Amino acid sequence: MREYIETELEEHLKAIKELDVNKIEEAVQVIVDCYKNNGKVVLFGNGGSAADAQHIAAEFVGKYKLDRKSLPAIALTTNTSIVSAVGNDYGFEKVFERQVESMVGKRDVVIGISTSGNSENIIKGILKAKEKGAKIVAFTGKSGGKMKDIVDILLNVPSDNTPRIQEGHITAGHIICGLVESKIFKNK
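First things first, this report covers the structure right here in the doc.

About the thresholds
- Residues numbered from 1 in each chain as written.
- Predicted model: local features only at pLDDT ≥ 70, side-chain atom pairs only at ≥ 80, totals over all residues.
- Heavy atoms only, no water.
- Phe/Tyr/Trp six-rings, centres within 6.5 Å; stacked < 30°, edge-to-face > 60°.
- Helix = DSSP H or I, 4+ residues; strand = E, 2+ residues; numbered from the N terminus.
- Buried < 20%, exposed > 50% of the residue type's maximum accessible area, 1.4 Å probe, protein only.
- Patch = residues over 30% accessible without salt bridge, like charges linked within 9 Å, V, L, I, M, F, W, Y side chains within 5 Å.
- Areas by Shrake-Rupley, 256 points an atom, 1.4 Å probe, with all protein chains shown as cover.
- Salt bridge = Lys/Arg side-chain N within 4 Å of Asp/Glu carboxyl O.
- Core = buried A, V, L, I, M, F, W, Y, C linked by side-chain atoms within 4.5 Å.
- Contact = heavy atoms within 4.5 Å.
- Axes fitted to C-alpha atoms, helices over the stretch in contact; angles between N-to-C directions.
- Parallel < 35°, antiparallel > 145°, perpendicular 65-115°, else oblique.
- Left-handed = near helix turned anticlockwise from the far one by under 90°.
- Nonpolar A, V, L, I, M, F, W, Y, C, P; charged D, E, K, R; others polar.
- 1 Å grid on protein atoms, 1.4 Å probe; cavity = no way out; pocket = protein on both sides within 12 Å on 5 of 7 lines; lining within 4 Å.
- Points joined across faces, edges and corners; volume = space filled by probe spheres on them.

## Section: the packing of aromatic side chains
Working definition: an aromatic ring pair is given by the centre-to-centre distance plus the angle between the planes.
Here comes step 1: Within this structure, the stated rule accounts for 2 aromatic pairs.
Here comes step 2: Aromatic side chains Tyr35 and Phe60 sit 5.7 Å apart centroid to centroid with 70° between the ring planes, which places their arrangement in the edge-to-face category. Remark: Phe60 occurs in helix α3 (residues 48-61) and Tyr35 occurs in helix α2 (residues 21-36); sequence separation between them is 25 residues.
Here comes step 3: Its relative accessible area of 1% is what places Phe60 among the buried residues.

## Here we look at a nonpolar patch on the surface
Here comes step 1: A surface patch of nonpolar side chains, amounting to about 520 Å² of accessible area, comprises Met1, Tyr4, Ile5 and Leu9.
Here comes step 2: By the secondary structure assignment, Met1 is in the segment before α1 (2-17).

## Observations concerning the nonpolar core
Here comes step 1: Of all hydrophobic cores here, the largest spans 35 residues; its most connected members are Ile31, Tyr35, Val41, Phe60, Ile111, Ile176 and Val180.
Here comes step 2: For this core, the element with the highest residue contribution is α2, accounting for 8 residues.
Here comes step 3: Other than its neighbours up to four places away in sequence, Tyr35 contacts Lys40, Val41, Phe60, Leu71, Pro72, Ala73, Val180 and Ile184.

## A few points about the side chain of Glu97
Here comes step 1: By the element assignment, Glu97 lies in helix α5 (residues 95-103).
Here comes step 2: Beyond its immediate sequence surroundings of up to four residues, Glu97 is in contact with Lys124, Gly125 and Lys128.

## Describing the packing of helix α4 (residues 80-90) against α5
Here comes step 1: Running from N to C, α4 and α5 point in directions that differ by 115°, and their axes come no closer than 8 Å. It follows that α4 is roughly perpendicular to α5 by the angle criterion. Note that α4 runs across α5; the crossing there is right-handed. Contact residues: α4 offers Ile82, Val83, Val86, Gly87 and Tyr90, while α5 offers Val95, Arg98 and Gln99.
Here comes step 2: Class assignment for the residues of the contact of α4 with α5 results in 5 nonpolar, 2 polar and 1 charged.

## Some thoughts on the layout of surface pockets
Here comes step 1: Size it by volume and the largest pocket reaches roughly 160 Å³.
Here comes step 2: Together, Tyr35, Lys36, Asn38, Gly39, Lys69, Ser70, Leu71, Pro72, Ile184 and Phe185 line the largest pocket.
Here comes step 3: For the lining of the largest pocket, the secondary-structure elements that each account for two or more residues are α2 and α7 (162-185).
Here comes step 4: Class assignment for the residues of the lining of the largest pocket results in 5 nonpolar, 3 polar and 2 charged.

If you want it as structure tokens, here you go:
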């Protein structure tokens, strides 16, 4: 058991240490610019990535560390009526595209989260956001998948192991939330 635990922790630390600091800084800057221009952050993903999208949105709306004004953010996975209606009427591949079409504008930042970078519904949502002029950030795994060629900022966790990728996504998300708070509310 100890060997398994130590291996898991070593893999985690390796993936986290190899996150691209420049890409995190770029994501922070586009989000800060978005908020300074009265935009919002819109996030989406499937499964564990949906939970990560909701988690990051909650950090912006509630707070990360600072007691401060709420920042507009929404995870497109939270309205089950929309997800199930669009899935039923148009197909699951359009659940994010349809929501992006109605909610995203050119001042917004869209964060698509997919460990493979190949999730069709995430790609369709990103393409619709791009069409609407939003800035696009993708959280993916090592290769970036198909998403790497269609986004403005690719934050890919350098791993092929889904749990490590997800851990990297939430770590990067927390770092981004902390820096956005600091830059907007502490002017640093």
